[in-house]
Amino acid sequence: MKNLLLTVSLLLAFLFSKAQTVDIPEVDINGFKGVKSILDKTTQEVIGYYTYYFSADGMKVTLMDTELTITNEVILELASGEIGEAVYNGSSLCFISTSYGTAYIYTVSLEGEVLGEKVMMYDHTGDALIFPSEIDSEFYLIISQKGAKKSAGYKVTKMNESLETTWEKEYMPPKGYLSVESAESGFDRVAVVQTVTMKKKGSKKGDTQLICFDAENGDELFITPLFDEVMTSKPSQMVIDEEGVITTAGEFYSGKGTNNVNSDGVFVSKIDASGEELLQNRMTWKEGIQKQMKRGKFSTMGTNKVLFHDLVRSEDGGYQLVGETFSKKITLGESNKLAMVAALAGQDALADGLSTVGAAVNLKNFIIAMSTGRYIGLAMVDHAPTIMTVQDMLVLDFDEELELQAVTKIDKPYTKVYAYPPHRYTAGLRLSKMVAAAGFFDYSFTKTNNDTGEQILVYSAMNSKIPHIGITNIEKGADVTPKKLEFDNLQQYATGAGKENEESEGEEDSKDSEESDNSLKISNGGVTKANEGKVLVYYVEKEKKATKGTLKMWFESLD
């Protein structure tokens, strides 16, 4: 590969240097979650990297040092199904994969030793998620469980690195369906956002609550309702401090549950160690967020859903939220339902026509999903996916009293992601978190400029028409156009794309798909943290219709 020299001038005139790639051949994009940085728990310095994906023998885990030298490769036994999330607890990695109601969990040391293996049964119509403990070298697992008759709940298990159970709690309502939307650990407690519905799983109407457990023994500390008789709050970010105060941020909806397609606005709140609310600020899209944006003479696509990726405490005691808006569309199940109705009414010709249309759209979506690698779940040609469109990136700054001070919009292209069963009807918040964990939201990370103290935001658009990385200083209250490190002139990228990726709002994702006649294309690209002012860039280069390709990685310097 030819060396690449591109100049990207930020406010501080950052210069990107030439980069040499490191290649890993025969990487299957099915289940590939990108390249992940391993961060020291105390210093947050990068101490290595890892990647994992399907292989002929199982799930292959590749461990690398800070220079991208492969140190260990591990094969984990894996039945057919879906590769899930992976997390690092400060000393080892935990991986999960699922297959029709069976969860396979593994822990692996940084030296490549398999420390523990565990198989657990769960309700396949629900979910299974893992996250690390913040007070010790253990992990939490939350899996859905079936109950008697029309009921379902979940089980929380704390496990050590050998996957031996430290404690376990099951929550099963006598009637109804209890599901988990998000969870976070911090200091001496674990916070879980749960919703109970009475009609069916995935129903938009239900009681949402914040339940808190003692991290040491799993005892319930409190349950706080997130519906106040007027609005329902849905946190997507939670931060727990040393005093047990939980700061939450997310979107809110009028009424009980999420009756609207779009959220009504954004909220930030503080809950004390006993579950009592200390502060809360709700801002509607129109009167709160958009009004603040008008001061900077910019806007977003009206009302939306939003997933917040980061909630950080600023030096002045305030808070900064980084998130991306998104929309969600369930595709062509409608045409298939209409076809059944037409058939029952004796309208066979109409039924056949609707079925043909449905099959054609399903095929198109399947081809795009497999070509780009941007899908979660078990992709099948005869299944209609839910399409999530990742839209605008927003940075919201609040003061210590949670009053909104500024809204910053980061201009970037939109990205489409395809959710197949069993995630087709997964609730919006949980689905967005799964898509983010798969690496398909564009936000990568923020870092502080050591010389100026200013925040630098990095996002990845490696799957867009012109693959690029966006980098910008966060200018509070502005509509920011990032500087782009573009990869259209990489010799390996042979799609013949143009110079810019100017997707209009709501435009279909065909610009960055399979329409080129050239055989080589980029898939599953991204960017992750590196040390010494660098970022690690990666993508899979493959033949147009292939599911395997070469993983290419290199460092770009910000010095």
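Residues numbered from 1 in each chain as written. Predicted model: local features only at pLDDT ≥ 70, side-chain atom pairs only at ≥ 80, totals over all residues. Heavy atoms only, no water.

## Some words on the overall build of the chain
For step 1, the next point in the chain: A tally of helices and strands in the chain yields four helices and 35 strands.
For step 2, the next point in the chain: Per-residue burial over the chain gives 57% buried out of 559 residues.
For step 3, the next point in the chain: By element, 49% of the accessible surface of the chain is carried by carbon and sulfur atoms, the whole surface being about 23300 Å². (Helix = DSSP H or I, 4+ residues; strand = E, 2+ residues; numbered from the N terminus. Buried < 20%, exposed > 50% of the residue type's maximum accessible area, 1.4 Å probe, protein only. Areas by Shrake-Rupley, 256 points an atom, 1.4 Å probe, with all protein chains shown as cover.)

## Re the pairing of strand β21 (residues 277-284)
For step 1, the next point in the chain: Bridge count between strand β20 (residues 265-271) and β21: seven bridges; the pairing is antiparallel. The residue bridging Lys270 from the neighbouring strand is Leu279, located in β21.
For step 2, the next point in the chain: Hairpin geometry of β20 and β21 is characterised by an intervening segment of five residues between the two adjacent antiparallel strands and by a positive phi of about 95 degrees at Gly275. (Pairing = 2+ DSSP bridges.)

## Notes on the side chain of Ser97
For step 1, the next point in the chain: Its place among the elements puts Ser97 in strand β7 (residues 92-99).
For step 2, the next point in the chain: Excluding its chain neighbours within four sequence positions, the residues that come into contact with Ser97 are Leu78, Glu82, Ile83, Gly84, Thr102, Ala103 and Tyr104. (Contact = heavy atoms within 4.5 Å.)

## What to know about the environment of Glu168
For step 1, the next point in the chain: Locating Glu168 in the fold gives a position in strand β13 (residues 165-171).
For step 2, the next point in the chain: A polar atom in the side chain of Glu168 sits 2.9 Å from the side chain of Thr157. (Polar contact = N/O pair within 3.5 Å; in protein donor to acceptor, adjacent residues only side chain to side chain.)

## Re the sheet that holds β7
For step 1, the next point in the chain: Taken in spatial order, the four strands make up an open sheet running β6-β7-β8-β9, and their pairing is antiparallel. The open sheet is flanked by β6 (82-88) and β9 (114-121), the only strands paired with a single partner. Averaged over all pairs of adjacent strands, the angle between strand axes in this sheet comes to 15 degrees, irrespective of strand direction.
For step 2, the next point in the chain: As judged from the seven bridges shared by strand β8 (residues 102-109) and β9, these two strands associate in the antiparallel manner. Counterpart to Val108 in the pairing with β9 is Val114. (Axes fitted to C-alpha atoms, helices over the stretch in contact; angles between N-to-C directions.)

## Structural notes on the packing of aromatic side chains
For step 1, the next point in the chain: Evaluated as defined, the whole model comprises 14 aromatic pairs.
For step 2, the next point in the chain: Ring centres of Phe131 and Tyr140 lie 5.2 Å apart, and the angle between their planes is 25 degrees; on these two criteria the pair is classed as stacked. Judged on exposure class, the residue Phe131 and its partner Tyr140 are both buried.
For step 3, the next point in the chain: Their ring planes at 65 degrees and their centres at 5.5 Å tell us that Tyr171 and Phe213 sit as a pair that is edge-to-face. Here Phe213 lies in strand β16 (residues 207-214) and Tyr171 lies in strand β13, a separation of 42 residues in the sequence. No difference in accessibility class separates Tyr171 from Phe213, as the two residues are buried.
For step 4, the next point in the chain: Taken together through their ring pairs, the aromatic side chains of Phe131, Tyr140, Tyr154, Trp167, Tyr171 and Phe213 make up a single cluster.
For step 5, the next point in the chain: Of note, Arg282 hangs over the ring of Phe252, and the distance from its end group to the ring centre comes to 5.6 Å.
For step 6, the next point in the chain: Positioned over the ring face of Phe555 is Lys534, at 5.8 Å from the centre of the ring. (Phe/Tyr/Trp six-rings, centres within 6.5 Å; stacked < 30°, edge-to-face > 60°. Lys NZ or Arg CZ within 6 Å of the ring centre and 35° of its normal.)

## Brief notes about the pattern of salt bridges
For step 1, the next point in the chain: According to the stated counting rule, one finds 14 salt bridges in the structure shown.
For step 2, the next point in the chain: Here Glu73 and Lys60 are joined by a salt bridge, their closest N and O atoms 3.6 Å apart. Within this pair, whereas Glu73 is found in strand β5 (residues 70-76), its partner Lys60 is found in strand β4 (residues 58-64), the two being separated by 13 residues in sequence.
For step 3, the next point in the chain: Of the residues examined, Glu73 reaches a relative accessible area of 45% and is grouped as partly exposed.
For step 4, the next point in the chain: According to the relative accessible area criterion, Lys60 is partly exposed, its value standing at 22%.
For step 5, the next point in the chain: Residue Lys409 pairs with Asp411 through a salt bridge whose shortest N-O separation is 3.9 Å. (Salt bridge = Lys/Arg side-chain N within 4 Å of Asp/Glu carboxyl O.)

## Points about the sheet that holds strand β32 (residues 483-486)
For step 1, the next point in the chain: Spatially, four strands are ordered β28-β29-β30-β32 in an open sheet, and the strand pairing comes out antiparallel. On the outer flanks of this sheet lie β28 (443-448) and β32, each paired with one strand and no other. Across the sheet, the mean angle separating the axes of adjacent strands is 20 degrees when strand polarity is ignored.

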